[in-house]
Amino acid sequence: MLYFCGMHHITQETIRKAITTIDNLNDEDLEKVFKKFRDKQPNLLKYIEDAHQAYGNEQLEYLLFYYFCLICQCFDHQKLNISCVSEKAINEHHFKYIEMMEEFVEKEDEEIIDSYVDQPELTKFLLIEFSEPDDDGTTLSEDTATQLFRICLSMVALLNRCISKE
């Protein structure tokens, strides 16, 4: 099951730059960044909000807000031209993504994720980000970490499929 989309990979440097950008914003500026990406990706935002609602985990709300901004900022800093994620793209992705995650859980092979998502550095970042304690020692519950990883990884896969070839 291979789903390569191209060689427009987000680098570790870009991820660090995006983290620095987002983490150094005050609440008002973070809200402006959120609105910018919300306006560019309304279907993607609805998709992750629906996923949040499906899990019924209140901890996810702020975390998804933050990671939506961070992931979109990564694509932006990498200067990738991303078209708006369509509802059709989401529908086509959803069941393939679930199948891929089931295969990943069954085989415990990260190459399954890499071949589907095709953003190895961003995938690696998310795996580490949700499995290790924050700088202040705070850790996510296993359920929250798993849910956040699945939603964020899905978001990356969808954005990656919308990279313009131009």
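Note that the structure is predicted; figures quoted are calculated from it, not measured.

(A) Structural view of the nonpolar core. Counting residues in each nonpolar core, the largest one holds 54 residues, and the members touching the most others are Phe-68, Phe-75, Leu-126 and Cys-152. If you tally residues by element for this core, the top one is helix α4 (residues 60-77), at 13 residues. With residues up to four places along the chain from it excluded, the contact list for Phe-68 reads Phe-34, Phe-37, Arg-38, Gln-41, Leu-44, Leu-45, Ile-48 and Met-155.

(B) Region of the structure containing the environment of Cys-84. With respect to the helices and strands, Cys-84 occurs in the loop between α4 and α5 (87-107). Residues Cys-84 and His-52 lie 32 residues apart in sequence; the distance between their C-alpha atoms is 20 Å. If sequence neighbours within four positions are ignored, Cys-84 has contacts with Lys-40, Gln-41, Pro-42, Asn-43 and Cys-162.

(C) Structural view of the confidence of the model for the protein chain. Averaged over all residues, the pLDDT of the protein chain equals 91, while 95% of them reach at least 70. With pLDDT under 50 throughout, residues 1-6 is counted as low confidence; its partners more than four residues away or in other chains account for 16 contacts.

(D) Region of the structure containing the side chain of Ser-154. In this fold, Ser-154 is placed in helix α8 (residues 142-161). In this structure Ser-154 touches Tyr-47, His-93 and Tyr-97, once residues within four positions along its chain are discounted.

(E) Structural context of the pattern of salt bridges. Evaluated as defined, the whole model comprises seven salt bridges. For Lys-36, the salt bridge identified is with Asp-76, shortest N-O distance 3.2 Å. With a gap of 40 residues between them, Lys-36 in helix α2 (residues 27-40) and Asp-76 in helix α4 connect regions that are remote in the sequence. Given a relative accessible area of 29%, Asp-76 falls into the partly exposed group. A salt bridge links Glu-103 to Lys-107, with the nearest nitrogen and oxygen atoms 3.3 Å apart. Of this pair, Glu-103 and Lys-107 both sit in helix α5, four residues apart, roughly one helical turn. The network of salt bridges with shared partners includes Glu-28, Asp-29 and Lys-32.

(F) The packing of helix α6 (residues 110-117) against α8, seen in detail. Relative orientation of the contacting elements α6 and α8 amounts to 35 degrees, with a least axis distance of 9 Å. Of the residues in α8, those touching α6 at Ile-113, Tyr-116 and Val-117 are Phe-149, Leu-153, Val-156, Ala-157, Asn-160 and Arg-161. Here the contact of α6 with α8 is built from residues that sort into seven nonpolar, one polar and one charged.

(G) Highlighting α8. Counted at 1.5 Å a residue, the expected span for α8 with its 20 residues is 28 Å, and the 29 Å between its end C-alpha atoms agrees. Burial analysis of α8 places 15 of its 20 residues in the buried class, the great majority of the element.

(H) Just unusual backbone geometry, in detail. Non-glycine residue Glu-108 carries a positive phi angle of around 50 degrees. Despite not being glycine, Asp-118 shows a phi value in the positive range, around 60 degrees. Inspection of the secondary structure assignment puts Asp-118 in the loop between α6 and α7 (120-131).

(I) Representation of helix α1 (residues 12-23) in the model. Given a rise of 1.5 Å per residue, 12 residues ought to cover 16 Å, and the 16 Å separating the end C-alpha atoms of α1 matches this to within 8%. Considered for burial, the residues of α1 that qualify are Thr-14, Ile-15, Ala-18 and Ile-22. On an axial view of α1, the arc spanned by its buried residues comes to 100 degrees, and they lie on one face. Exposed side chains of α1 directed beyond 90 degrees from the buried face belong to Glu-13 and Arg-16. Summarising the contacts, the buried residues of α1 are in contact with α2, α4 and α7.

Cut-offs and rules
Residues numbered from 1 in each chain as written. Predicted model: local features only at pLDDT ≥ 70, side-chain atom pairs only at ≥ 80, totals over all residues. Heavy atoms only, no water. Core = buried A, V, L, I, M, F, W, Y, C linked by side-chain atoms within 4.5 Å. Buried < 20%, exposed > 50% of the residue type's maximum accessible area, 1.4 Å probe, protein only. Helix = DSSP H or I, 4+ residues; strand = E, 2+ residues; numbered from the N terminus. Contact = heavy atoms within 4.5 Å. pLDDT = per-residue confidence, 0-100. Salt bridge = Lys/Arg side-chain N within 4 Å of Asp/Glu carboxyl O. Axes fitted to C-alpha atoms, helices over the stretch in contact; angles between N-to-C directions. Nonpolar A, V, L, I, M, F, W, Y, C, P; charged D, E, K, R; others polar. Expected span 1.5 Å × (residues − 1). Arc of directions from axis to C-beta.

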